[in-house]
Amino acid sequence: MEQPKIRVTLLTGRTIEQGVGKEAGKGTKEYIDATSMCYMDSSDMKKLGVKNNTNILISTSSGSVVLKAVKYPRGAMPGLIYIPYGPWANAICSSETNGIGMPSFKGNPAFVEPAPNKSVLTMEELLKSQFGR
Amino acid sequence: MTVVNSVTCPVCGCLCDDIELTIDNGEIVKVKNGCSMCESKFLSYKNEHRNKTPLIRKDGKMVPVSYEEAIHKSAEILANANYPILYGWSSTDCEAQRVGVELAEEVGGVLDNTSLVCHGPSILSVQEVGIPTCTLGQIRHRADLIIYWGCDPWSAHPRHLERYTSFTEGRFEGSEWKSYINKVKASAGKKKLLSLGRKGVLKHAPEIIPETSAVAKPPETLSKQGRKLIVIDVRKTMTAEIADYFMQVEQGKDYEIMLAIRALVKDQELDVDKVGGVPVEYLQELVDAMLNCEFGVIFFGMGLTQSVGKFRNVDVAISLVRDLNRRTKFAIMPMRGHFNVTGADTVSTWQTGYPYAVDFSLGYPRYNPGETSVTDILLRKESDAALVIASDPGSNFPRKAVEHLVANPLIVIDPHMNVTALIGDIVFPTAIVGIEKAGSAYRMDHVPLPLKKVVEPPEGVLSDEEILTRILEEVRIIKAKKMQEAT
């Protein structure tokens, strides 16, 4: 059977958990937990058949990354996914600066599919795979 | 045990200066008045993720070295580079930033700060259309309409509402804290009723209406007396939950919506039913609330600067405020993120004439974001060395830009081990500004505030300012030697 896959709009941004984590240190569990996840609307999760706190694969033209899907706790946002700023979000963010220096951190198309058998890379694994360090 | 009052918090652009710290045996043990990010910073300054000694990458491994060796090596890299970049600056004090400008000029590099990936587009707009703004004190005492557009202060600037806007007791405008408490109680009661209804305990259970992303109608209370809070965003944020009115708009449609609002402010009719997913009648009610206020303010964030349109979104927001000022009093302010990103812009401007993306490669400052911005330089693979201070582009730049950062010598100055430090070639530990080093910083409304030194830095650890000054001295020696050899 073919894996379900949906097209969404990718947003990246701040959350209070990411803020607390970054101030404590970017190697802390708080920071890593807060940035290696992705908020999704419950209707989109239903379409994909993914449960809360299970892994998904997000792909854009810039790359792909496995993250933990978390149901967005406030209101509905169908068709949008929200990843807190961090190295995992940057792995798939567009580098288009439109000639003014600002990369496109919000509003890029992305595809999401369930990834129950893939694991979220640790910070070290992610950096090693991307930059060899 | 001593208590230090009126400490300025070195976390976000709010620069709350009412923090009370309890110091015991030379360590901070208690934080009063701060938000969760403030507590996290003041209480974890000594944790295991702190950089303790300078490190240099040798044969792929980071090896501890002396400050002298790391400073000499960094100076060599910068002095011998053709086109180095000096990026970051937003989490350090103005004193270190000033030395940074001197160093960038000396090595003929590019000086850029984190405005680039936050409010750089806002700066471009301000340079085009100006900005009608004010200080946060004016807003605290006088503003009766607060609009947060594309930003979520509850998450990124947690005490912004409490100190400067809706929940502050101003001289002419009161706090809306009580109405917020009532709203929370009503919402908790509603949730309880729904839960009992689901369990079948209630005889007349309330109807469960699933939440949708459809825009809600503005409530009657939008015309009430006193402070009103409106949030405009693409998703229901924490701030949206407590707002008097939350307008959920379609992603990437801010420009159209603001143009429509501008037309309505000018009493023009629109011949469409909806703009950006919002019915025009709702926009009209929003405009009525804007025109009927005594003093309104729009705060905006990354929702405008990072979405499609970028600086054009800010252009139209500022133009809207200019239009509103013909009918009432209105101001607009960007929600600056890092505690001294405003200082980085300010210091760079009074030293070079430009706020960010300043290129010294021709011997004089040039400014052309898109060409001289660090992200574009990295994406075009033009730089041949980098110094990153008080920021973490490894975490906050797109992967392709970071790839070129890693491909060349990378010097990192940061108190904590962050992603950039993990992939760097030379890492300097440094004293935390605002905790272990005194200095000055600019609040998001351009008010300069002093930062206190409350505890001693770890033994032997230097401050950003000292490290930069010593690198600069060393660069000058290397350059003088080169000059001598050439003549």
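These numbers come from a predicted model, not from an experiment.

Scoring rules and cut-offs
- Residues numbered from 1 in each chain as written.
- Chains lettered and ligands numbered in written order.
- Predicted model: local features only at pLDDT ≥ 70, side-chain atom pairs only at ≥ 80, totals over all residues.
- Helix = DSSP H or I, 4+ residues; strand = E, 2+ residues; numbered from the N terminus.
- Rg over C-alpha atoms; globule rule 2.2 N^0.38 Å.
- Buried ≥ 20, exposed ≤ 12 C-beta atoms within 10 Å, placed from the backbone.
- Contact = placed C-beta atoms within 7 Å.
- Nonpolar A, V, L, I, M, F, W, Y, C, P; charged D, E, K, R; others polar.
- Domains from an automatic or database assignment.
- Core = buried A, V, L, I, M, F, W, Y, C linked by C-beta atoms within 7 Å.
- Pairing = 2+ DSSP bridges.
- Axes fitted to C-alpha atoms, helices over the stretch in contact; angles between N-to-C directions.
- Parallel < 35°, antiparallel > 145°, perpendicular 65-115°, else oblique.
- Left-handed = near helix turned anticlockwise from the far one by under 90°.

### Concerning the overall build of chain A
No. 1: If you tally the helices and strands in chain A, you get 5 helices and 6 strands.
No. 2: When the helices and strands of chain A are listed from N to C terminus, the series reads β-α-α-β-α-β-β-β-α-β-α.
No. 3: Over its C-alpha trace chain A gives a radius of gyration of 14 Å, about what one expects of a compact globule, namely 14 Å for 133 residues.
No. 4: Relative to its full complement of 133 residues, chain A shows a buried share of 50%.

### Describing the overall build of chain B
No. 1: Along its length, chain B carries 19 helices and 21 strands.
No. 2: In terms of overall size, chain B behaves like a compact globule, its C-alpha atoms giving a radius of gyration of 25 Å where 487 residues would be expected to give roughly 23 Å.
No. 3: With the C-alpha coordinates aligned to their principal axes, the bounding extent of chain B is approximately 85 × 55 × 45 Å.
No. 4: Within chain B, the fraction of its 487 residues that count as buried is 53%.
No. 5: Summarising the internal contacts of chain B: among those between residues at least 6 apart in sequence, 69% fall at separations of at least 24.

### What to know about the environment of B:Val402
No. 1: Relative to the helices and strands, B:Val402 resides in helix 17 (residues 399-407).
No. 2: The buried category is assigned to B:Val402, around which 26 C-beta atoms lie within 10 Å.
No. 3: Among all residues touching B:Val402, those that are not within four sequence positions of it are A:Phe131, B:Pro393, B:Gly394 and B:Phe397.

### Brief notes about the interface of chain B and chain A
No. 1: Counting residues at the interface gives 58 residues for chain B and 45 residues for chain A.
No. 2: When contributions to the side of chain B that touches chain A are tallied by element, the ones reaching two or more residues are helix 1 (36-43), helix 4 (120-129), helix 6 (153-156), helix 12 (302-305), helix 15 (374-379), helix 16 (393-396), helix 17 and helix 18 (419-423) of chain B.
No. 3: Of all the elements, helix 17 of chain B adds the most residues to the side of chain B that touches chain A, at 6 residues.
No. 4: Class assignment for the residues of the side of chain B that touches chain A results in 24 nonpolar, 22 polar and 12 charged.

### Regarding the domain arrangement of chain B
Residue and element names in this part refer to chain B.
No. 1: Taken domain by domain, chain B holds domain 1 (49-118 + 339-486) and domain 2 (120-193 + 211-334).
No. 2: Centre-to-centre separation of domain 1 and domain 2, based on C-alpha positions: 36 Å.
No. 3: With 11 residues of domain 1 in contact, the opposing surface of domain 2 contributes 8 residues.
No. 4: The class makeup of the residues in the side of domain 1 that touches domain 2 is 7 nonpolar, 1 polar and 3 charged.

### Things to note about the environment of B:Thr22
Residues and elements named next belong to chain B.
No. 1: One can find Thr22 in strand 2 (residues 19-24).
No. 2: For Thr22, a count of 14 C-beta atoms within 10 Å gives the class partly exposed.
No. 3: What Thr22 contacts, discounting residues up to four positions off in sequence, is Met1, Val3, Val29 and Lys30.

### Looking at the nonpolar core
No. 1: Of all hydrophobic cores here, the largest spans 184 residues; its most connected members are A:Cys38, A:Ile81, B:Val297 and B:Ala317.
No. 2: The residue makeup of this core includes at least three contributed by each of domain 1 (49-118 + 339-486) and domain 2 (120-193 + 211-334) of chain B.
No. 3: Setting aside its immediate chain neighbours within four residues, A:Ile81 contacts A:Val8, A:Leu10, A:Leu11, A:Cys38, A:Tyr39, A:Met40, A:Ile58, A:Ala110 and A:Val112.

### Some words on the pairing of strand 20 (residues 439-442) of chain B
Residues in a regular strand point their side chains to alternate faces of the sheet.
Residues and elements named next belong to chain B.
No. 1: Of the strand pairs in this sheet, strand 20 and strand 21 (residues 448-451) are connected by 4 bridges, and their pairing is antiparallel. Across the sheet, the residue bridging to Ser440 is Pro450, located in strand 21.
No. 2: In textbook terms, the turn of a hairpin is the stretch between consecutive antiparallel strands, and for strand 20 and strand 21 this stretch comprises 5 residues, one of which, His446, has a positive phi near 70°.

### Some thoughts on unusual backbone geometry
All names here are of chain B.
No. 1: Residues other than glycine seldom take positive phi values, yet Leu15 does so here, at roughly 45°.
No. 2: Looking at the secondary structure, you find Leu15 in the loop between strand 1 (2-7) and strand 2.
No. 3: At Asn25, a residue that is not glycine, the phi angle is positive and equals roughly 55°.
No. 4: One can find Asn25 in the loop between strand 2 and strand 3 (27-32).
No. 5: Accessibility expressed as a C-beta count within 10 Å gives 6 for Asn25, which makes it exposed.

### What about the packing of helix 1 (residues 16-24) of chain A against helix 1 of chain B?
Helix-helix packing is characterised by the crossing angle of the two axes and by the distance between the axes.
No. 1: For the pair helix 1 of chain A and helix 1 of chain B, interaxial distance at closest approach is 8 Å and the crossing angle is 15°. In terms of orientation, helix 1 of chain A lies roughly parallel with respect to helix 1 of chain B. Between helix 1 of chain A and helix 1 of chain B the crossing geometry is right-handed. Residues A:Ile16, A:Gly19, A:Val20, A:Glu23 and A:Ala24 of helix 1 of chain A form the contact with helix 1 of chain B, whose participating residues are B:Ser36, B:Met37, B:Ser40 and B:Lys41.

### Some points on the environment of B:Val29
No. 1: Here B:Val29 lies in strand 3.
No. 2: Taking C-alpha positions, B:Val29 is 28 Å from B:Pro448, a pair spaced 419 residues apart along the chain.

### A short note on the sheet that holds strand 4 (residues 63-71) of chain A
Residues and elements named next belong to chain A.
No. 1: Around the barrel, 6 strands lie side by side as 1-5-2-4-3-6; this closed barrel has mixed pairing. Each neighbouring strand pair of the sheet contributes to a mean axis angle of 45°, computed without reference to strand direction.
No. 2: Here 2 bridges tie strand 2 (residues 37-40) to strand 5 (residues 80-84), and the two strands are oriented antiparallel to one another. Note that in strand 5 the partner of Tyr39 across the bridge is Tyr82.

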